[in-house]
Amino acid sequence: MHTDGQMGELGHSRAARHGASPFPPIADYAFLSDCEATALVAPSGNVEWLCLPRMDSPSVFGAILDRDAGGFRFGPADVSVPAARRYLPGTMVLETSWTTATGWVIVRDVLLIGPWAHEKERSRTHRRAPTDYDAEHILLRTVRCVNGEVQLSVDCEPVFDYGSKIGQWEYTESGYHQGVCRADGEIALTLTSDMNIGFEGPRAIARTLVKEGESRFCALSWGQREPPRAFDDAYKRLVWTAHHWQHWLARGRFPDHPWRSYLERSALTLRGLTYEPSGAVIAAPTTSLPETPGGERNWDYRYSWIRDSTFALWGLYTLGFDWEANDFLYFVADAASGEEDLQVMYGIDGERVLTERILDHLDGYEGARPVRVGNGAYNQKQHDVWGAVLDSVYLHTKSRDHLDERIWPMLVRQVEAALSHWREPDRGVWEVRGEPRHFTASKLMCWVAADRGARLARLRQDDPLAKRWQAGADEIHADILANAVDKRGVFTQHYDTDALDASVLLMPLMRFLPPDDERIRRTVLAIAEELTIDGLVLRYRPEETDDGLSGHEGTFTICSFWLVSALVEIGEPVRARRLCEKLLSHASPLGLYGEEIDTTSGRHMGNFPQAFTHLALINAVMHLIRLEMHGSSVAPLSPESMVPAQPTGNGKGKGAIAPRAG
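Residues numbered from 1 in each chain as written. Predicted model: local features only at pLDDT ≥ 70, side-chain atom pairs only at ≥ 80, totals over all residues. Heavy atoms only, no water.

A. The arrangement of the nonpolar core in detail. Ranked by size, the top nonpolar core spans 205 residues in total, and within it Phe 72, Leu 191, Leu 220, Leu 411, Phe 491, Phe 512 and Trp 562 carry the most contacts. Setting aside chain neighbours within four positions, we find Leu 411 in contact with Val 389, Leu 390, Val 393, Leu 403 and Leu 456. Core analysis: the second largest hydrophobic core is formed by 12 residues, Val 93, Ile 138, Phe 217 and Leu 238 among them. (Core = buried A, V, L, I, M, F, W, Y, C linked by side-chain atoms within 4.5 Å. Buried < 20%, exposed > 50% of the residue type's maximum accessible area, 1.4 Å probe, protein only. Contact = heavy atoms within 4.5 Å.)

The structure is reproduced here in structure tokens:
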């Protein structure tokens, strides 16, 4: 932890100068989840991020943000670089292979999932319908020696409340196989192992020699479930969890294509970012991983953004995960059902207040400060949220030809809010902290709200309401065309600038205009040629945008995937495929993506792994696969493939039934 306000920045500069850092590259972390808690595991075998008991709780292991904020290493005593790492196929079980001078061992890490256990009492957390499975609240780590012999070590040092409270260990029974760590007011952590555990201050340690054919385990637990007490039980639970993930993935519909593995890993990652009790999908499991090395663009992404709803539902429906899509839709519906204004984001159980604060005692990843928890953007005015909700419900309705009457009053409020506020400036989809502007993408999503609302009203045969809402959509449409197009015929970031913004790539995906409209084509090509670095897309150029922050940022991977989809739309499949191949080559060694890519080094930046990026990947890859296999980019569950186009008054293509969101 820092002792001087500039130590982090100086440390980062020194590390960069000598090409070394105590922090692993962000892309080298492995992601684990039981759909209630998430963990990041470094290549060294150290668990460097774990928040308990929920994804958005304070961390108990926080070494990813400060090397003194707690970790849990399990692996060879004298080697820290593994021979290989992978997920067991179709699972969220991490397998790390280690070779030493004396032998070879394989470590497997997993957050356990088991059969549904609430048979005699109701769950205190679940709001969605129960399933056949539930998180066991146990991080299990097993090792098997496959050759020779290897000295193993365990080093478990929780530091509670984001690295601010050191715990105390004590044995729970006679013998040396289980201990519990506690700190005032914090969750209790129990460490169980078939190795002998000892305590050195705040650390629980174990050391043993494992020989060919032998196995060991250790399990960290924090709930009511009994941890395994023998390796056979630990192994059975690991196998049950692995089979659960494989059975879940088998429910999906994946094309027989070389890129199938990217779709499958993205699907598993999105599932891992889902908070099962409520159905919420978080943006990322981390906070304050920097968008700029050593910079201040550090945010807490452990919340559920309303704007993700359309993108999440498109991806989940397209891949056949209707149950999960429904759960997320009803989470959004729950959040939007009250009389209060719709927010940009919510807590994972629907919390509305997400007060942002700075943790001054943490140095940050490679000295990037401040470290933030909470997110001050929760109470910003961002006008895209109404369109995201309406597009989500419209997509859900057209995939079932049924509109749930219970949520119709909520939808009416959202459309009316969009029509009441669309003329006002806002902070935009990128949540800039500068002055509000008339952002084009915000106007676009207000149009989406009115347009999709009118279509839903027609489905209900409410012609007066449909007519009024369609008139509002037409007015917004005309206003955008009149004010957001520059002299070149290119859509701009907002009404008072000629600057480009990648968010306008949503225009062809949302069917604002036909993809062959010259303004759409010019916009997509202008972004491809002028808002890119080495072919990858920036959100915007910070020197042209008042975002209230200093410094630069990397290319935004979601925007690059949007460009792939947009290039397909405008009839540039060769260019789209080349960009998609480049993006897929930037996947982490385990197939994961952060928020940004530094094109100079190829390093991932920002919170990791990021749901929005994986959603955009699904959209882009499916665009290209549909084009290759069927000569069309239209996915089977997109609305335009199920109902005929409904013409509108201006004849400018607005009637195409289509949110193909990225």
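B. Unusual backbone geometry, seen in detail. The omega torsion of the bond from Leu 52 to Pro 53 falls at 5°, within 30 degrees of zero and hence cis. You can see Pro 53 is positioned in the loop between strand E3 (46–51) and strand E4 (59–61). For the bond from Phe 608 to Pro 609, the omega torsion is -15°, close enough to zero to count as cis. With respect to the helices, strands and loops of the structure, Pro 609 is situated in the loop between strand E27 (604–605) and helix H15 (611–630). For Gln 461, which is not glycine, the phi torsion reads 60° and is therefore positive. Mapped onto the elements, Gln 461 comes out in the loop between helix H9 (440–459) and helix H10 (463–483). Of note in the backbone geometry, Arg 511 takes a positive phi value of approximately 60° without being a glycine. One can find Arg 511 in the loop between helix H11 (506–509) and helix H12 (518–530). (Helix = DSSP H or I, 4+ residues; strand = E, 2+ residues; numbered from the N terminus.)

C. Main features of H10. Between its terminal C-alpha atoms H10 stretches 30 Å, which fits the 30 Å expected from 21 residues at 1.5 Å a residue. Burial in H10 covers these residues: Leu 465, Ala 466, Trp 469, Gln 470, Gly 472, Ala 473, Ile 476, His 477, Ile 480 and Leu 481. On its buried face, H10 sits against helix H8 (408–421), H9, H11 and H12. The residue sitting at the N-terminus of H10 and contributing the capping side-chain oxygen is Asp 462; that oxygen lies 3.3 Å from the backbone nitrogen of Leu 465. (Expected span 1.5 Å × (residues − 1). Polar contact = N/O pair within 3.5 Å; in protein donor to acceptor, adjacent residues only side chain to side chain.)

D. Representation of the packing of helix H5 (residues 308–318) against helix H6 (residues 322–336). Their axes nearest at 8 Å, the elements H5 and H6 cross at an angle of 165°. Taken as axis vectors, H5 and H6 run roughly antiparallel relative to one another. The handedness of the crossing between H5 and H6 is left-handed. Along its contact with H5, which presents Asp 308, Ser 309, Ala 312, Leu 313, Leu 316 and Tyr 317, the element H6 presents Asp 322, Glu 324, Ala 325, Asn 326, Phe 328, Leu 329 and Val 332. (Axes fitted to C-alpha atoms, helices over the stretch in contact; angles between N-to-C directions. Parallel < 35°, antiparallel > 145°, perpendicular 65-115°, else oblique. Left-handed = near helix turned anticlockwise from the far one by under 90°.)

E. Fine view of the layout of surface pockets. The volume enclosed by the largest pocket comes to roughly 500 Å³. For the largest pocket, the lining is made up of 20 residues, of which His 118, Arg 124, Thr 125, His 137 and Gln 224 are closest to its centre. With three residues, the single largest contributor to the lining of the largest pocket is strand E9 (residues 133–157). Looking at side-chain class alone, the lining of the largest pocket contains six nonpolar, seven polar and seven charged residues. (1 Å grid on protein atoms, 1.4 Å probe; cavity = no way out; pocket = protein on both sides within 12 Å on 5 of 7 lines; lining within 4 Å. Points joined across faces, edges and corners; volume = space filled by probe spheres on them. Nonpolar A, V, L, I, M, F, W, Y, C, P; charged D, E, K, R; others polar.)

F. Up close: the pattern of salt bridges. Considering all chains together, one arrives at 39 salt bridges under this definition. Here Arg 237 and Asp 233 are joined by a salt bridge, their closest N and O atoms 3.3 Å apart. Of this pair, Arg 237 and Asp 233 both sit in helix H3 (residues 231–250), four residues apart, roughly one helical turn. According to the relative accessible area criterion, Asp 233 is partly exposed, its value standing at 30%. (Salt bridge = Lys/Arg side-chain N within 4 Å of Asp/Glu carboxyl O.)

G. Here's a closer look at the pairing of strand E16 (residues 215–221). Within E16, seven of the seven residues are buried, which leaves the element mostly enclosed by the surrounding structure. Of the two faces of E16, the one lined by Ser 215, Phe 217, Ala 219 and Ser 221 and the one lined by Arg 216, Cys 218 and Leu 220 are each fully buried. Taken together, the seven bridges between E9 and E16 define a ladder with antiparallel strand orientation. By the bridge assignment, Leu 140 is partnered in E16 with Ala 219. One ladder, built from four bridges, connects strand E13 (residues 189–193) with E16; its direction is antiparallel. Within the sheet, the bridge partner assigned to Thr 192 lies in E16 and is Ala 219. (Pairing = 2+ DSSP bridges.)

H. Local environment of the sheet that holds strand E25 (residues 555–556). Across the sheet, three strands lie side by side as E25-E26-E27; this open sheet has antiparallel pairing. Whereas interior strands pair on both sides, the edge strands pair on one side only; in this sheet they are E25 and E27. Sheet topology note: the strand E26 (residues 596–597)/E27 ladder contains two bridges and is antiparallel. By the bridge assignment, Glu 596 is partnered in E27 with Met 605.

I. A look at H9. Taking 1.5 Å per residue, 20 residues should reach 28 Å; H9 reaches 29 Å between its end C-alpha atoms and fits that length. In terms of residue burial, H9 counts as a mostly covered element, since 18 of its 20 residues are buried. Once H9 ends, the next one or two residues include Gln 461, with phi positive near 60°.

J. Here's a closer look at the confidence of the model for the protein chain. With 90% of its residues at a pLDDT of at least 70, the protein chain reaches an overall mean of 88. In the predicted structure, residues 1–18 sits below a pLDDT of 50 and forms 23 contacts with residues beyond four places in sequence or in another chain. For the stretch residues 635–662, pLDDT sits under 50, and the model shows 96 contacts to residues farther than four places along the chain or on other chains. (pLDDT = per-residue confidence, 0-100.)

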